[in-house]
Structure formats: structure tokens, C-alpha cells
Amino acid sequence: MQTDTLSFINPATGVKFGEVKMTTPDAVKSSVDEMRRAFPVWRGKSVRERVRILRKFQQLLIDERDEISRIVNQDGGKSRQDSLIELFVTVDMLAQYRWNAPKWLKRKRVSSGLYLFKKCYVEYRPHGVVAILSPWNYPLLISLSPILAALIAGNTVVLKPSEVTPATGVLVEQLFQRIPELAPFVRVIHGDGKVGAALIQARPDFVFMTGSTGTGKKVMQAAAENLTPVSLELGGKDAMLVLEDADLNAAARWGTWGAYYNTGQACMSVERVYVVESKYDEFVRLALRYTKELKSGYSPEADSSFFMGPVTDPRQVHIIDEHLKDAVEKGARVLTGGKEQGAFYKPMVVVDVNHSMKLMREETFGPIMPIMKVQNEEEAIRLANDSEFGLAASIWSDNIERAKQVANKVEAASIIINDSIAQFAVPMLPFGGIKNSGFGRTHGRDGLLEFTRPYSYAIGSAPIQWDIATALRELGKYDLATAIMGVVYGTTLKQKWETFSQLFRKKPKVKSEGKPRQSEPVKTSE
Ligand code: NAD
């Protein structure tokens with residue numbers, strides 16, 4: 001159905017609570033153009049000045065906490081508390097960036113090598129106009145944290161929030177409009193994937209996309225047309241490994257939390273669990289106990305007893321049901337939980353699973369914890385790595401050294417030991433993926449520098465003879481170059497001496513023939 005508006009529909013109740021007009025392709029283009037014109041003004045401000053302005057935004061976010069949590073709750077169905085946690089993590093990220101950015105973005109002096117009379121620097125300059133494409137599962141956090149990092153780094157921004165949670169997109173737009181010193185440097189456009197595609201065609205200078213692997217590939221392909229650099233934060237199939245010496249109670253308690261938090265709609269949700277056989281039965285018993293304690297439902301109140309809300313995107317219900325059906329057809333058993341009314345599920349523990357099932361290979365993004373028995377640690381590692389994804393993983397063991405060794409062998413870019421999913425909320429830890437989970441980083445110093453490009457400077461007066469590297473520009477310095485290379489970089493004393501002594505070898509006299517030799521024409525066989 002072709003429509004030029006996006007309706008705000010509460011996924012828990014099905015009730016419409018507003019709408020927004022989709023941005024036309026022409027308006028998308030003019031947003032990018034406008035942000036390109038605004039870029040020199042924002043970039044012209046010092047990092048400290050930008051940070052000072054963003055302090056006002058931080059204040060606004062905290063002042064408006066109740067209104068923000070109310071809209072996020074209506075838009076995605078998650079509890080008010082979980083909505084507030086999104087804001088909490090955003091504020092934490094912003095505070096850390098404000099404190100650290102002046103240091104991280106400072107020009108850095110680097111060694112000038114053999115050019116002893118030059119000074120060399122790296123400067124982190126903003127890209128220009130950054131396009132941000134965000135998903136629906138953390139519509140506030142994953143829109144705001146890249147916007148704020150991009151702004152601090154000196155970019156202007158065009159955001160295209162998810163069409164599944166458009167009310168949060170409008171909220172973000174309004175929040176920026178309320179700070180007059182920020183309003184000219186951020187634009188929000190509204191719409192679906194087509195509007196996102198138009199944004200890439202409008203030639204921003206950098207694209208930061210968070211979403212599914214399939215969309216990530218399309219975004220990268222489209223960006224390649226203009227060689228626009230991209231950062232892709234994509235899906236995952238995160239493994240949890242429970243070793244013999246794990247605290248099983250804690251693993252079950254926080255493993256189930258990590259599997260069902262946000263109704264399993266987190267890129268680093270626990271999506272599959274491998275438990276060594278000696279601990280398998282006990283772990284399953286405990287996981288069932290904790291799973292059965294969790295209630296699903298919806299409340300617009302600040303305090304509610306519902307741990308899980310509905311599935312936010314109606315399309316996701318189909319994927320969850322399909323993965324479950326495929327697993328059951330191939331022999332899996334659902335020990336607890338299942339579908340309830342509308343978009344609600346009771347959290348599910350599924351056993352007798354194997355890697356022929358979609359449930360163990362594709363991103364489910366729903367409230368299911370599939371548990372698989374493995375012989376030992378080696379098999380757990382092998383199965384954890386038998387995946388096209390590589391976002392995050394969790395390892396449970398009371399022996400931290402052992403857990404670290406296992407972590408070293410697990411192919412995931414972000415690993416947590418003895419907890420689940422919490423590393424995403426640590427502002428100083430870079431987050432991102434390997435394999436089909438994407439590339440590029442968000443959060444921490446690496447996440448901030450993602451919104452910059454290093455520019456280099458070598459500065460000095462005109463070349464002088466005393467500069468070693470300059471001396472080698474003259475012809476006839478073959479032996480001097482050999483000696484310097486050997487003395488500076490030779491790996492043994494013998495090599496250093498041999499190369500140095502070449503300076504004093506007797507050179508055969510070259511007879512001058514009066515005129516330069518002509519090179520022989522190259523003969524080619526017919
Ligand atoms: P999605 O891929 O459907 O959409 C992401 C964004 O891209 C949306 O704004 C969408 O409108 C836009 N888009 C869609 N098609 C486009 C196109 N052709 N060109 C440009 N833009 C386009 O993802 P989603 O369903 O909104 O989010 C869920 C996915 O996000 C899951 O796979 C989840 O794992 C992933 N995710 C990853 C991280 C991470 O940090 N790695 C964090 C959160 C979510």
C-alpha cells in the first residue's frame with residue numbers, strides 16, 4: 001500500500017496515536033544540501049564549544065525524561081523503565097563523550113622518522129554531512145548516540161529513523177529543535193527504506209547505518225556508487241558458553257535476562273546457549289525456573305510488573321514463528337512459553353536443538369532461548385564459531401583466566417564474561433561486529449573517531465642537507481642509503497656492520513665514455 005504518511009501505532013494495543021508525513025525525495029536532497037551549507041559553521045566551532053552546546057542538550061534530555069519514556073513506551077511497546085534505560089544509556093554516552101572528546105580529537109604529534117627536521121601531526125577532521133539510518137529496537141538510543149558522536153566530531157547530521165517507530169523519530173527531531181544553537185545542524189527525515197535509499201543517493205559524506213545484514217549490504221552497494229564510506233552495525237546470533245566451572249545459578253538468571261530483555265529484540269541478545277554436558281540438566285532446570293518468573297504484557301505506567309512487551313515490528317512475528325516451526329519440525333522441544341495474544345509471547349526455552357535449524361543459524365530477534373548440550377569447551381567454541389555472524393558472545397566460568405582463553409578463540413567482536421549484553425551500555429567500550437555483523441565501531445574513542453578522517457601534516461622549513469632522509473635524495477648515495485638502512489634497522493650486529501662497512505668498500509672506477517649510453521631497443525618476438 002503506497003501512502004505518504006507513517007502512522008504511529010502502539011504495537012501492544014494496535015491504537016494509532018499520531019502520524020507524520022514521509023519526506024519526499026526532493027526534500028531529502030535539500031536536507032542534505034542544507035546540512036552541507038551548515039557544515040562549515042558547525043565545524044568552525046572548537047570541540048570545547050560544541051561540547052558546551054551539547055551540555056544544554058544533556059540537560060534537556062534529563063528534564064524531558066518522563067515525556068521521552070512515555071513516547072518510546074507507546075511507540076515500541078517496551079516498559080517505561082526500559083524506555084528510561086534507553087535514555088539513561090544515551091545520557092551516559094553523551095556525558096562520557098563531552099568529558100573525553102577534547103582529548104580524543106586533539107591533534108596528535110607522531111614521529112617524523114628520518115626527517116629529523118620536520119614535525120608531523122595527525123588531525124581528526126569531520127567527514128561533513130553524516131547520514132544516520134537507525135533501527136526500531138532501540139529507536140532513541142541508536143538514533144541519538146551516533147548523532148551526538150557525529151556532532152561532537154564536527155559533522156552535521158541527517159537522521160532517517162526507523163519507519164516502525166516513527167513517533168520516536170519525530171521526538172528526536174523536536175528535541176534538537178528546542179536548542180537554538182543545535183537546531184541548524186541536524187535534520188530528521190521520515191519514511192521507509194525508500195527514503196533511506198534516497199538519502200544515500202543524495203551523496204552524504206558518510207553513512208552510519210544500524211540494522212539488519214540484508215539492508216547493510218544494500219546500503220553498502222548504494223554507497224559504493226559515490227565511494228561514500230559506510231559504517232555498518234548489523235545483526236547477530238550471539239552465543240553464550242557455559243563451562244563446567246560456571247556459577248550455574250548466575251548463568252541461568254542473567255542468561256535468561258539477556259535472552260529476553262527487550263523481548264529478545266537486541267542485536268546482542270543471547271540467541272543460542274551451549275552448555276557442557278555435565279552441567280546441562282541443572283542449567284536447563286534453572287533456566288526454566290527463571291524464565292517462568294518473567295511476565296509479558298503492556299503498561300503505560302512508570303512502574304509495571306511486565307518484563308517483556310510485545311514484538312515491536314509485526315514483520316518480526318513471522319520470523320520468530322518460522323524459526324520455531326522449523327526447529328520443532330527438526331526435533332526441537334519447547335519446554336516453556338509460546339505465543340500469546342497479538343504480538344505478545346511468553347518467553348521460551350527450547351532444547352534438542354542443532355545447527356541444521358534456522359533457530360541456531362539465523363537472527364531470530366525474539367524471546368527464545370535455545371539450549372544445546374555440548375561435550376566440552378572445545379565443542380562449545382567450535383559451535384559458537386559455526387556462524388556467519390560475529391557480533392557479541394558471553395562466557396560463563398568461575399575461572400576468569402580460563403574464560404579469557406576461551407574468549408580469545410571465540411569469533412565475536414565484543415565479549416562479556418559472566419554477564420550478558422551489558423557491554424553495549426559501557427560508554428568507553430567500542431562496539432561493532434565482524435563477519436556478517438558488519439564493521440565500523442560505535443561508542444568509546446574508536447566510536448567517536450569513526451565520525452572523523454585522519455588528515456596528516458608534515459611541517460618544516462625547506463629541505464636541508466642535514467636531514468638524513470633529505471640527504472638520500474641526491475644521486476650517488478646508494479652506499480650511504482645502505483649503511484643507514486642497515487645501521488638503523490639491521491636485525492643483528494653482523495648485519496649492521498656489513499651494511500655500514502659498505503660505505504668504505506673500494507669502488508670499481510667507472511669509465512666515462514663521453515656521452516650517455518643509449519638504451520637498447522627491446523626486441524619482441526613476432
Ligand atoms: P532494517 O535493516 O530493516 O532497517 C534499518 C534502517 O535502514 C531503517 O531505518 C530502514 O528504514 C533503513 N533502510 C531499509 N532499507 C534501506 C535501503 N535500501 N537503503 C537505506 N536505508 C534502508 O533493521 P531493523 O529491522 O530496523 O533493525 C533490526 C536489526 O538491527 C537487527 O538485525 C538487529 O540485530 C540490528 N541491530 C544492530 C545493532 C548493532 O549495534 N550491531 C544494534 C541494534 C540493532
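The structure this text deals with has already been given above.
## A short note on the overall build of the chain
- Within the chain, the regular secondary structure consists of 18 helices and 20 strands.
- In terms of overall dimensions, the chain has a C-alpha envelope of 100 × 60 × 60 Å along the principal axes.
- Expressed as a percentage of the 526 residues in the chain, the buried residues total 54%.
- Here the analysis covers contacts within the chain between residues at least 6 apart in sequence; of these, 71% occur between residues at least 24 apart.

## Some remarks on the layout of surface pockets
- Computed from the structure, the largest pocket encloses a volume of approximately 1100 Å³.
- Residue assignment for the lining of the largest pocket shows that the elements contributing at least two residues are helix H7 (193–201), strand S8 (206–210), helix H8 (213–224) and helix H11 (314–329).
- Split by residue class, the lining of the largest pocket holds 15 nonpolar, 15 polar and eleven charged.

## Examining the packing of helix H3 (residues 65–76) against helix H4 (residues 80–104)
- Between H3 and H4, the shortest axis-to-axis distance is 8 Å and the interhelical angle comes to 120°. With respect to the hand of their crossing, H3 and H4 are arranged in right-handed fashion. Of H4, the residues touching H3 (which contributes Arg65, Asp66, Ile68, Ser69, Arg70, Val72 and Asn73) are Arg80, Ser83, Leu84, Glu86 and Leu87.
- Here the contact of H3 with H4 is built from residues that sort into four nonpolar, three polar and five charged.

## Describing the packing of aromatic side chains
- Within the structure shown, the criterion is met by 13 aromatic pairs.
- A centroid spacing of 4.8 Å and a plane angle of 85° characterise the contact between phenylalanine 424 and phenylalanine 431, whose relative ring orientation is edge-to-face. Each member of the pair, phenylalanine 424 as well as phenylalanine 431, carries the same accessibility label: buried.
- What links up through ring pairs into an aromatic cluster is the set Trp254, Trp257, Tyr261 and Phe307.
- The ring of tyrosine 121 has arginine 107 sitting right over it, with the charged end atom 3.9 Å from the ring centre.

## Structural notes on the site of the ligand
- Near the ligand you find 30 residues, and of these Lys160, Glu163, Ser212, Thr215 and Glu363 are the closest.
- At a separation of 2.7 Å, an oxygen atom of the ligand approaches a polar side-chain atom of glutamate 163.
- Here glycine 211 contributes a backbone N or O atom positioned 3.3 Å from an oxygen atom of the ligand.
- Protein coverage of the free-state accessible area of the ligand, which is 860 Å², stands at 91%.
- The site holding the ligand turns out to be the largest pocket.
- Elements that contribute at least two residues to the shell around the ligand include exactly H7, S8 and H8.
- Examining the composition of the shell around the ligand, we find that four residues originate from one element, H7, more than from any other.
- When the residues that make up the shell around the ligand are grouped by side-chain class, the tally is 14 nonpolar, ten polar and six charged.

## Topic: the environment of glycine 432
- The topology assignment puts glycine 432 in the loop between strand S17 (414–417) and strand S18 (434–435).
- It is 6.4 Å that separates the C-alpha atoms of glycine 432 and leucine 391, two residues lying 41 residues apart in sequence.
- If near-sequence neighbours (up to four positions away) are discounted, glycine 432 is found in contact with Glu233, Leu391, Ala413, Gly440 and Arg441.

Definitions and limits used
Residues numbered from 1 in each chain as written. Predicted model: local features only at pLDDT ≥ 70, side-chain atom pairs only at ≥ 80, totals over all residues. Heavy atoms only, no water. Helix = DSSP H or I, 4+ residues; strand = E, 2+ residues; numbered from the N terminus. Buried < 20%, exposed > 50% of the residue type's maximum accessible area, 1.4 Å probe, protein only. Contact = heavy atoms within 4.5 Å. 1 Å grid on protein atoms, 1.4 Å probe; cavity = no way out; pocket = protein on both sides within 12 Å on 5 of 7 lines; lining within 4 Å. Points joined across faces, edges and corners; volume = space filled by probe spheres on them. Nonpolar A, V, L, I, M, F, W, Y, C, P; charged D, E, K, R; others polar. Axes fitted to C-alpha atoms, helices over the stretch in contact; angles between N-to-C directions. Left-handed = near helix turned anticlockwise from the far one by under 90°. Phe/Tyr/Trp six-rings, centres within 6.5 Å; stacked < 30°, edge-to-face > 60°. Lys NZ or Arg CZ within 6 Å of the ring centre and 35° of its normal. Near = heavy atom within 4 Å. Polar contact = N/O pair within 3.5 Å; in protein donor to acceptor, adjacent residues only side chain to side chain. Areas by Shrake-Rupley, 256 points an atom, 1.4 Å probe, with all protein chains shown as cover. Sits in = over half its atoms within 2 Å of the grid points.

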